[in-house]
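Each chain, letter by letter, is given below.
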Amino acid sequence: MFICHCGINIGGVVNVPEVVKYAMTLPNVVYSEDNLYTCSSEGLSKIKEGIGKYNLNRVIVASCTPRTHEPLFRATCEEAGVNRYLFEMANIREHCSWAHMHEPEKATEKAKDIVRMAVAKARLLKPQEEPEIEVVPSALVIGGGISGMTAALCLADQGFKVYLVEKEPELGGMLRHLHKLYPTMVDASEGLNNIVEALKPNKNIEVWASTVVKQVKGFIGNFDVSVQRKNGETANFRVGTIIVATGADVFEPVGMYGYKKYDNVITQFKLEQLLKGGQLEKPERVVMIQCTGAREEKGRTYCSRICCMTALKNALLVKELYPETDVYILFRDLQTYGREYEEWHRMAQDRGVKFVTYALEKPPEVVAGHDGKLTVDVYHALLGEQVQIESNLLVLSTPLVQHEDAKELSQTLKVPLGPDGFFFEAHVKLRPIDFATDGIFVCGTAHSPKDTAESVSQALGVASRAAIPMAVKRLRTEAITAIVDESLCSGCGTCVKICPYGAIQKDEKGVARVTAVVCKGCGTCGASCPEKAITMRHFTDEQVIAQALAALGRAVA
Amino acid sequence: MAYEPKIVAFLCNWCSYAGADLAGTSRISYPPNVRAIRVMCSGRVDPAFVITAFETGADGVLVTGCHPGDCHYVSGNLKAEKRMKNVRKLLGLLGLGPERLRLEWVSTSEGGKFAEVVTDFTEQLRKMAPNPLKAEVNPRAPKNTKDVISKAVKKTNVQYCLECGKCSGSCPISKVNDAYSPRRTVERFLLGFGDRVLSGTDLWTCLTCFTCTERCPSDVRYPEFVRACRRLASREVMEELCAHRGIPIALSRIMTNPSIKQERMAWLPNGAEFSQRDDLLYFVGCLPYFDVVFEDFNLELLKIPQSVVKILNKVGIKPAMLSNEKCCGHDLLWTGDLENFERLARTNVAEIKETGATRVVTACPECYRTLKKDYTELLGSLDFEVLHISELLSELIDKGELKYDVKLPMKVVYQDSCRLGRHMGVYEPPRKTIAEIPGIELMEMGRNRENAVCCGVNAWLSCNKYSKAVQIDRLMEAKATGADLLVTACPKCQIHWKCVTSEKLPVNPEEVTMEMRDLSVLVAEAMHLT
Amino acid sequence: MEASKSVLVIGGGIAGMQASLDLASRGLKVYLAERTPSIGGRMAQLDKTFPTMDCSICILAPKMIECFRHPNITLLTYSEVQEVSGSAGNFTVKILKKPRFINEERCTGCGVCAQHCPVEVPNEFDMGIGVRKAIYVPFPQAVPLKYTIDEEHCLKCRLCQRTCLAEAVDLDQKPEVVHLNVGAIVVATGFELFDVQRRSEYGYGKYQNVLISLEFERLLSASGPTGGHLLRLSDGRIPQRIAFIQCVGSRSLKGGVSFCSSACCMYATKEAILIREHEPECEVYIFYNELKVFGKGFQDFVTRAQNYWGVKYVRALPGEVVEDSKTGDLTLWYEDTRENVTKSIKADIVVLCPALVPRAANKEVGVILGLDLDEHGFFKPKDTIFAPVDTKVPGVFVCGYCQSPKDIPESVAQASAAAARAAEVMALSAGKEVY
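Residues numbered from 1 in each chain as written. Chains lettered and ligands numbered in written order. Predicted model: local features only at pLDDT ≥ 70, side-chain atom pairs only at ≥ 80, totals over all residues. Heavy atoms only, no water.

K.L.:
So what exactly am I meant to see when it comes to the overall build of chain A here?
P.N.:
Within chain A one finds 15 helices and 30 strands. Overall size of chain A, expressed as C-alpha extent along the three principal axes, is 90 × 60 × 40 Å. Looking at chain A residue by residue over its 557 residues, the buried ones come to 60%. When contacts within chain A are restricted to residue pairs at least 6 apart in sequence, long-range pairs at least 24 apart make up 68% of them. Carbon and sulfur atoms make up 51% of the accessible area of chain A, which amounts to about 22700 Å² in all. (Helix = DSSP H or I, 4+ residues; strand = E, 2+ residues; numbered from the N terminus. Buried < 20%, exposed > 50% of the residue type's maximum accessible area, 1.4 Å probe, protein only. Contact = heavy atoms within 4.5 Å. Areas by Shrake-Rupley, 256 points an atom, 1.4 Å probe, with all protein chains shown as cover.)

K.L.:
Explanation requested: the interface of chain B and chain A in the structure shown.
P.N.:
Interface size, as often reported, equals the accessible area lost upon joining of the parts. Taken residue by residue, the interface counts 16 residues in chain B and 13 residues in chain A. Of the roughly 1200 Å² buried where chain B meets chain A, counting both sides, 50% is carbon and sulfur surface. Counting every contact that joins chain B to chain A gives 2 salt bridges. Where B:Arg188 meets A:Glu385, a salt bridge forms, and the shortest distance between an N and an O atom there is 3.9 Å. Looking at the side of chain B that touches chain A residue by residue, the class counts come to 7 nonpolar, 2 polar and 7 charged. (Buried area = accessible area lost by both parts, 1.4 Å probe. Salt bridge = Lys/Arg side-chain N within 4 Å of Asp/Glu carboxyl O. Nonpolar A, V, L, I, M, F, W, Y, C, P; charged D, E, K, R; others polar.)

K.L.:
Would you take a moment to explain the pairing of strand E6 (residues 359-362) of chain B for this structure?
P.N.:
Residues and elements named next belong to chain B. Of the two faces of E6, the one holding Arg359 and Val361 and the one holding Val360 and Thr362 are both buried throughout. Direction of pairing for strand E5 (residues 280-283) relative to E6: parallel, over a ladder of 4 bridges. If you follow tyrosine 282 over to E6, its bridge partner there is valine 361. The pairing of E6 with strand E7 (residues 385-388) spans 4 bridges and is parallel. Looking at the pairing, valine 361 lines up with leucine 387 of E7. Where the polypeptide runs from E6 across helix H19 (residues 365-379) and back to E7, its parallel neighbour, the crossover connection is right-handed. (Pairing = 2+ DSSP bridges. Right-handed = clockwise from strand over helix to strand, strands pointing away.)

K.L.:
What is the right way to look at helix H8 (residues 362-369) of chain C in this model?
P.N.:
Each α-helix turn comprises 3.6 residues. Residues three or four places apart therefore point the same way. All names here are of chain C. Among the residues of H8, those classed as buried are Asn362, Val365, Gly366, Ile368 and Leu369. For H8, the buried positions fall inside an angular range of 165° around the axis, keeping them on one side. Away from its buried face by more than 90 degrees, H8 exposes Lys363, Glu364 and Val367. Buried residues in H8 make contact with strand E1 (6-10), strand E6 (79-87), strand E13 (184-187), strand E23 (356-358) and strand E24 (396-398). Looking at the residues trailing H8, positive phi occurs at glycine 370, about 80°. (Arc of directions from axis to C-beta.)

K.L.:
Any chance you could explain helix H9 (residues 307-321) of chain A here in plain terms?
P.N.:
Taking 1.5 Å as the rise per residue, H9(A) with 15 residues should run 21 Å; its terminal C-alpha atoms sit 21 Å apart, in good agreement. In terms of residue burial, H9(A) counts as a mostly covered element, since 13 of its 15 residues are buried. (Expected span 1.5 Å × (residues − 1).)

K.L.:
Help me understand the sheet that holds strand E13 (residues 234-239) of chain A in this model?
P.N.:
To summarise the sheet geometry, strands pair through backbone hydrogen bonds and adopt either a parallel or an antiparallel arrangement. Residue and element names in this part refer to chain A. With respect to topology, 3 strands assemble into an open sheet ordered E11-E12-E13, the strand pairing being antiparallel. With partners counted over all chains shown, the strands left at the sheet margins are strand E11 (211-219) and E13, one partner each. Going from strand to strand, the sheet's axes swing by 20° on average, the running direction of each strand aside. Here 6 bridges tie strand E12 (residues 222-229) to E13, and the two strands are oriented antiparallel to one another. Counterpart to phenylalanine 223 in the pairing with E13 is valine 239. (Axes fitted to C-alpha atoms, helices over the stretch in contact; angles between N-to-C directions.)

Here it is, written out as structure tokens:
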């Protein structure tokens, strides 16, 4: 029993020494100590020491959530000769000290209960093995925009086979519609051509255009992917990893600021296309409204990151084309972050672009003026007065939003979408381009709004992440799986129906059998089996019930 | 040479105007050169009226009032006497001749006397040269307002404003008057609402102290922008806001006339040595004039140039000096009168060149900045180096040529004036000069060097309750250091502070009044030269 | 062809560690060089991270330990790269291992030596507000957990040597030169802080209760000098109002750097929430100019800070901070640009958010590796958009803050990007697939 202070995160609320003492009173606990930081090298050494000295065959660490350090502690136990599944964690931080910061006595009592529950389970733990699987050294990249292509190319150059699936008839994604890319002002089509040309001759990349992913089965190292082309043609691939690079859509602000009501109200995206095609007629005065449909109080609360720079870039391009044209940018907070984007703000100021700050609470109003002009009436938040600006071209900077069909893809892959609609990564800070599901990764605007440079970085990033399992060729898989006691199975087929992964099938004898490598250990089969024929390794009925009884203070048998 | 002098006369309503009437009624003739202006009392005659009259070309000014003791308003005429004495001194300094201003007592019944005075005065003036001044009082504003503004916006980085408000948060005036915000002023210009600002008082409120510039992340040089816009702004508004009735600025303007030959060396102490040509020239500044205008403050301002000359002589320097030294033009430049500023600049530079001086030293931070920076900007690089007296003294101390003979055991606190400090970056030489004096303990105010606070007024503008608040706050800070003496290198700082402490104070005088001294005067004391 | 299977990573912060782990996990050998005695970098100094409010060291420590334990990673801490020659696929590197004066094999990290050491100096890890001994580990979770003797302050009293049970002190230790052969190099040198004393109007260095953000973070941290108790350094009082000043030295055309450090609005929000958690009675003001909320989850984080935690955001950069010398209390002067009024507010503590600037030492690294730097000291990528982690030297890559301002998730993603490119280039130069 190793009880962690976690600095003052636990020790500042829970009386750790008291819990240490209490632990010694529990059955089978032969040794108990406290550590300042059990996860530190010092702490880990102590665990190994304790195992050796006291001949421990079960280890409990009472500290933070298993979601942080369980793998670490498990590995430590294994190094000391104790099977990693004979280890259990008691969460007395997230579930205790942090949640009851102002009630230390109650927190300490609860910590004791939690420890008791852990002991109850630990006594019933059995060693488990993690079977190894082979990893197919090929990847599926869903989405043929700059992110998808970059990832595909990088993986291909590392020697892996890549299936690049794109739903449109040609590659390129958003880049096809963009004019110039900041900050280098390279032509988007030039950048696009370069990478498409690099992709074409690459023997490791198989491009499937006009194709969508229909079904994905399997698990890391062995995904079975079914795709379908627009013309009906289908195909199946076996891949080791999957990369989601499906990009994003541009929000259409129907009903806002006269969009679709007046002809001369367009989106920033439309302006980009007009500039690209050389079709922008000389406007006398352009007014751009930032945060249209973004950073709202409810709904699209997020900032779409790229609109401020796009507006600045396009404002400068308009000024270059038509030097006498006035450009106004109405904004809330100018997102000119990073190494050089602030300089774009300065450049725009230099060229006489006018900036007006407005506040969320008092957005601008647009009314029709004379001769087809519009009047934008905005409360200048920093001058404290209403300002009227006449304009004959209103440009609305709208956010990037998730594709309509992303929901379907998220269900196909069983990966989540976050509260803002974009794909949700495994860990916001330290695993930003991994999904929680092993073997699936995400990059580009499918993850969140970002510009081309940032998409390329993420795409190269996933090329590294995906390469790891494919490079080592063999992986250890989950030990926490279901197993059927055939002698008890009545062949009712309930488990087969409810398994979300199709991991249980009836064999030729009509008895349920689990494909361990597909099984994710969710336990829903075990909970539904009327004959109690299914055992969930490491989460057996006995273990779970023992914890419940221990929670309620009933003696553990 | 036969010219007809123009005389402007101010006649008091009760006595002298009636006296003049009587002359007419009695058919007594006198030369038609006088133009009379009726005022209720001779005490009404503002020195500024007289100066304006001369500036606009009057050859003589006559002020008449009741005989002493008879003043309808008790003693207005005595006040007039004192004031006109003062103005005469100014006229003397300017070389126009104090005799151009006459003050006479004329009673209701003295019609004859009035005619006599006018006849005599006219004759006297006929014998003198005509008044060389014929200037327009108000400078002409350029027509291309938009152009001037957009040039100024680019030159002073105003376009880069981030609207962060740091300027207003630093501005000593904004802190006490939150209707004034440099940021909002800038934003108005950027959005095209500049006309509102040009016709308002905001442009004249800026102290041009450069605190905002010092801290602005976008390097917006707001005071320079203000200065450029003042050219375009309403002169009427400016005149209303100009303290001391615009007299100091009028004097600067008068000096632009090439015919002005001043008599301004009377302050030189006995035995002072100076030359017509020397390597080092001492640029005195307007102290002889301020000494007259601010007579009542008893600041002994002439001690400053006297100390400087004594110090220079002691270390073996016989400085060159300009006997007709013109005002450097600082106040004209900062109130938007570029034409007249340029005239002064060119004259001064030419005169300095004549002396062959390679170094020019001045004890006034405003002259220092103007000569060193603004003249260079206007005329290109100068043939001479410009130093502040503290820089020269510091140099001499380093070389071992300046020795302090007297111990002055006291605690001294030093004010960094805006022009010497933030404008020109001279922080350490004055401190070194002071600290070397034996016995001196040099204290520092919390807000010192680049964070020092302005003395509250610039170019005589917008001296109001807000400036007073700034001044009192700063003096309290100085007093709170526990120092016995407040030393400044800028005569204007001293004048402004003396002004506020001479009034009825809203705070306990104990917390505010301090003995003040100019740096040069202190140094002269320590060298046993006073 | 051993050279083509190993990579040198310069910098042991989160970016360097992520790149190292990616490369090591796929079977390549990694040498991770770090100039301080421990890996961990800036993240180790943080209390929590935005916007998730994860305990920083808690999510970092497993990575640190993985770097330590991974059979493919060799840590070269307290080391500096001196010379690099060669080209992609075959670089020869000379690394100087500075002497710790401790035998790393013997040291157990027990800490008895530090208990006896008589010398106390300001602790760099705590940004100088905490102390350490001349024999020290930079922080409790240091990896490797080996002590180091700070030669500059050591008195050579040998008390540590006498009390060390493992006989690990070796005062005669000499610097060691390590020669390596690697196929690729990844540079991840991170950032340092702008010298806020240059903005003298805020009084840092003069006023005891004006702190910079990283100092304040140490104050909030459980492993910091006050054990995470929020109190004023001047008098130990619990603060009732704390003010943050953003953009000190950032986004400036003079007196600072022109770029936006891109993380300060968010980390100030984070610290503000921590304050409100620690001391619900303490008011928090954040004085900002433009609120940078461009990242994933950023806007929601700020909204939560405002609405739930009551953090007050004022759109104004204060003109100055003045101190009441008797009490140490501070007054900030600012123009609230939304309300159009200039006013002052008192605060118990003022936290300055300085510009985060590339390390001055990057210049040297640039010379050693033949890299170009921009005017700020960031390493120039080959192409900002399409080759963001490549440099002008094939085989040398950059990632993390030293490439451009960014936060932790972006550094992690970019570190993986550099790893991918390193692997790719090594594969191509070796003429075969790398795995």
